[in-house]
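For reference, the chains in residue letters:
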Amino acid sequence: MKLLRDVPIKRKLTLIFLITTSTALILASAALFSYEYRSYRNALKDELLTLAQITGDNSSVALTFDNPEDAAEILGTLRAQPQIVSACIYNLHGVPLTNYFRLGSEHILPARPSAATDFVLEKDHLGYFAPILNKKTKEQIGTIYLRADLHVLRERVKLYAVIVSLVFYFRPDSGAGPDRKKNHGTKRLFDAGGKNERGRTGQFHGHFQPDVGANPNAGCVVTPIQRRTRTTCPGTHQRTSTASAAERIDFEFRR
Amino acid sequence: LCEYEVKAAFLYNFIKFVEWPASAFEGKNSPIVIGVLGSDPFLDTSSATNYLEDAIAGKTIEDRRIVVLHLERASDLSSCQLLFVSPSEKNHLKEILQRLRGKHVLTVSETENFCEQGGIINFIRQPGKVRFEINPLMAEEGHLKINSRLLNVAKIISVQPRINP
């Protein structure tokens, strides 16, 4: 905290606002990312479930009569689902009857189906095993496996990251964005006097008064300093050096 | 698996993909009857096993048991839901199919031109595979609903034989 002792209160307040809004923004973004990731994954799960059900039902005859050509034709309809990168139909003995790979995708499939209905989350993919049942007898005749790409989710998260970064960059209290030039201009004005904000504060506490005494125009080179000086010391600059803490706070607030 | 083991499994599977009208059964829980007409090709005399009976053993479809009956030409053929006409009945095929026209019986055989003569499903031989042809017109005549996917995997023979006087 010693580090902030010499920082003007306005600066401190700005810093507090900055930390508060930044924290809020980071927390909100984290919550948004988490919600978005979960909801997309759940939507994808539902989609996989439906697709597996429909495709499995359609391929039940092909599977029952061991007809890989018909099964391949059915799996080929998955072309209309760009998120599905690969699929496979296994017979009851776990032997693949036919498979499907999206153009340009890796030819990766589990050698044997999972014993249970299950979602398998990989690094960039979500896999799903579902049993294929005969509608009349309700007995399992095979297993279908669908593998979906999580690329869309990654892209969406990236987009959110960009949006949040932009919001973070252009937030009103950051001094960035459209007001940035103006602030830089102000800073340049102060720098024209050869001193920065911290330097001025130092002057106020220790070296300002003797300097003014030596050269009455020294503080008037830069307009804001002049204005502040007038406000603070309507009569003489002598009072400035002996200003109480309350006066100093009042001064900083007005500034 | 031997040829008749596969064919027996196919007969059981046909039942899964064909719908019979309610009037095809005596009661709500009446069994599904598979009739075998002529000499039984599913019987393996060397091992004394019947592949068809093995294939349906303990199986039920929509709460109906499945039973196998060995029939003779003089029997009431319309009492079964699926009738397998053995190749031994090749010479009497026309007469048998004539008797079953419009009845709710799914006729199956492995005889040449079976579908052309009014049969519904006929096994055909392909190298290393057992395939079948279906005459959907005859199935329709018997008010049997065949799953469209089953038609997809079969060779379709759409022929309606003329009714002999």
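Quick note: structure is the one above.
For the structure given in this document, a descriptive report is provided here. (Residues numbered from 1 in each chain as written. Chains lettered and ligands numbered in written order. Predicted model: local features only at pLDDT ≥ 70, side-chain atom pairs only at ≥ 80, totals over all residues. Heavy atoms only, no water.)

## A short note on the overall build of chain B
Part 1 of the reasoning: Looking only at helices and strands, chain B has 5 helices and 12 strands in total.
Part 2 of the reasoning: Going through the 165 residues of chain B one by one, you find that 50% of them count as buried.
Part 3 of the reasoning: Counting only contacts in chain B whose residues sit at least 6 apart along the sequence, the fraction spanning at least 24 positions is 58%.
Part 4 of the reasoning: Approximately 8,200 Å² of chain B is accessible, and the part contributed by carbon and sulfur atoms is 48%. (Helix = DSSP H or I, 4+ residues; strand = E, 2+ residues; numbered from the N terminus. Buried < 20%, exposed > 50% of the residue type's maximum accessible area, 1.4 Å probe, protein only. Contact = heavy atoms within 4.5 Å. Areas by Shrake-Rupley, 256 points an atom, 1.4 Å probe, with all protein chains shown as cover.)

## Overview of the side chain of R101(B)
Part 1 of the reasoning: Mapped onto the fold, R101(B) is located in the loop between α3 (93–100) and β8 (106–109).
Part 2 of the reasoning: A relative accessible area of 17% places R101(B) in the buried class.

## A word on empty space enclosed by the protein
To locate leftover empty space, one rolls a probe as large as a water molecule over the atoms.
All names here are of chain B.
Part 1 of the reasoning: In total, this model carries 1 cavity of 30 Å³ or more according to the counting rule given.
Part 2 of the reasoning: Considering only enclosed or pocket space, the largest cavity measures out at about 80 Å³ in volume.
Part 3 of the reasoning: In terms of lining residues, the largest cavity is bounded by L97, L100, R101, G102, K103, V105, T107, G118, I120, M138, E141 and G142.
Part 4 of the reasoning: For the lining of the largest cavity, the secondary structure elements donating two or more residues are α3 and α4 (136–141).
Part 5 of the reasoning: The residue makeup of the lining of the largest cavity, split by class, is 5 nonpolar, 4 polar and 3 charged. (1 Å grid on protein atoms, 1.4 Å probe; cavity = no way out; pocket = protein on both sides within 12 Å on 5 of 7 lines; lining within 4 Å. Points joined across faces, edges and corners; volume = space filled by probe spheres on them. Nonpolar A, V, L, I, M, F, W, Y, C, P; charged D, E, K, R; others polar.)

## Looking at the pairing of strand β1 (residues 84–91) of chain A
All names here are of chain A.
Part 1 of the reasoning: Most of β1 is tucked away, with 7 of its 8 residues classed as buried.
Part 2 of the reasoning: When β1 meets strand β5 (residues 140–149), the two strands line up antiparallel, connected through 7 bridges. Its bridge partner lying in β5, I84 is registered against A148.
Part 3 of the reasoning: Where β1 folds back on strand β2 (residues 96–101), the antiparallel hairpin that results is connected by 4 residues, among which G94 adopts a positive phi of roughly 85°. (Pairing = 2+ DSSP bridges.)

## Thoughts on the nonpolar core
Part 1 of the reasoning: Judged by nonpolar contacts, the single largest core of 42 residues is most densely connected at L11(B), F14(B), L106(B), V108(B), F123(B), F132(B) and L150(B).
Part 2 of the reasoning: Sort the elements by how many residues they give to this core and helix α1 (residues 3–16) of chain B lands first, with 7 residues.
Part 3 of the reasoning: Excluding residues within four positions of it along the chain, L150(B) makes contact with V61(A), F65(A), F14(B), F17(B), V18(B), F132(B) and I134(B).
Part 4 of the reasoning: Formed by 25 residues, the second largest nonpolar core is a distinct cluster that contains L48(A), L63(A), A87(A) and L126(A). (Core = buried A, V, L, I, M, F, W, Y, C linked by side-chain atoms within 4.5 Å.)

## So, the layout of surface pockets
Part 1 of the reasoning: In this structure, the second largest pocket encloses a volume near 870 Å³.
Part 2 of the reasoning: If you go around the second largest pocket, you meet 26 residues; those closest to its centre are T64(A), H93(A), L1(B), A9(B) and N13(B).
Part 3 of the reasoning: Ranked by residue count, the leading element in the lining of the second largest pocket is α1(B), at 7 residues.
Part 4 of the reasoning: Along the lines of polarity and charge, the residues of the lining of the second largest pocket split into 12 nonpolar, 6 polar and 8 charged.

## Quick notes on the side chain of D70(A)
Part 1 of the reasoning: In this fold, D70(A) is placed in helix α3 (residues 68–76).
Part 2 of the reasoning: For D70(A), the contacting residues outside a window of four places in its chain are A62(A), R149(B), N152(B) and V153(B).

## What about the sheet that holds strand β4 (residues 125–133) of chain A?
All names here are of chain A.
Part 1 of the reasoning: With respect to topology, 5 strands assemble into an open sheet ordered β2-β1-β5-β4-β3, the strand pairing being antiparallel. The sheet terminates laterally at β2 and β3 (118–121), the two strands that pair on one side only. Taken pair by pair, the neighbouring strands of this sheet meet at an average axis angle of 15°, ignoring direction.
Part 2 of the reasoning: In this sheet, β5 lies alongside β4 in antiparallel orientation, the contact comprising 9 bridges. Across the sheet, the residue bridging to H125 is D149, located in β5.
Part 3 of the reasoning: Strands in contact with α3 are β1, β2 and β5; relative to β2, the strand with the most contacts, it is inclined by about 30°. (Axes fitted to C-alpha atoms, helices over the stretch in contact; angles between N-to-C directions.)

## Notes on helix α1 (residues 9–58) of chain A
Part 1 of the reasoning: Here α1(A) contains 50 residues, and its C-alpha end-to-end distance of 72 Å stays within 8% of the 74 Å for a straight helix at 1.5 Å per residue.
Part 2 of the reasoning: Taken together, the buried positions of α1(A) are occupied by S22(A), S29(A), E36(A), Y40(A), L44(A), L48(A), L51(A), A52(A), T55(A) and G56(A). (Expected span 1.5 Å × (residues − 1).)

## Section: the pairing of strand β2 (residues 32–37) of chain B
All names here are of chain B.
Part 1 of the reasoning: Among the 6 residues in β2, 6 count as buried, and that is most of the element.
Part 2 of the reasoning: Residues I32, I34 and V36 line one face of β2 and the alternating positions V33, G35 and L37 line the opposite face, and both faces are buried.
Part 3 of the reasoning: Where β2 meets strand β6 (residues 64–71), 6 bridges bridge the pair, whose relative direction is parallel. If you follow I34 over to β6, its bridge partner there is V68.
Part 4 of the reasoning: Bridging between β2 and strand β7 (residues 82–85) involves 4 bridges; their strand directions are parallel. Bridged to V36 within β7 is F84.

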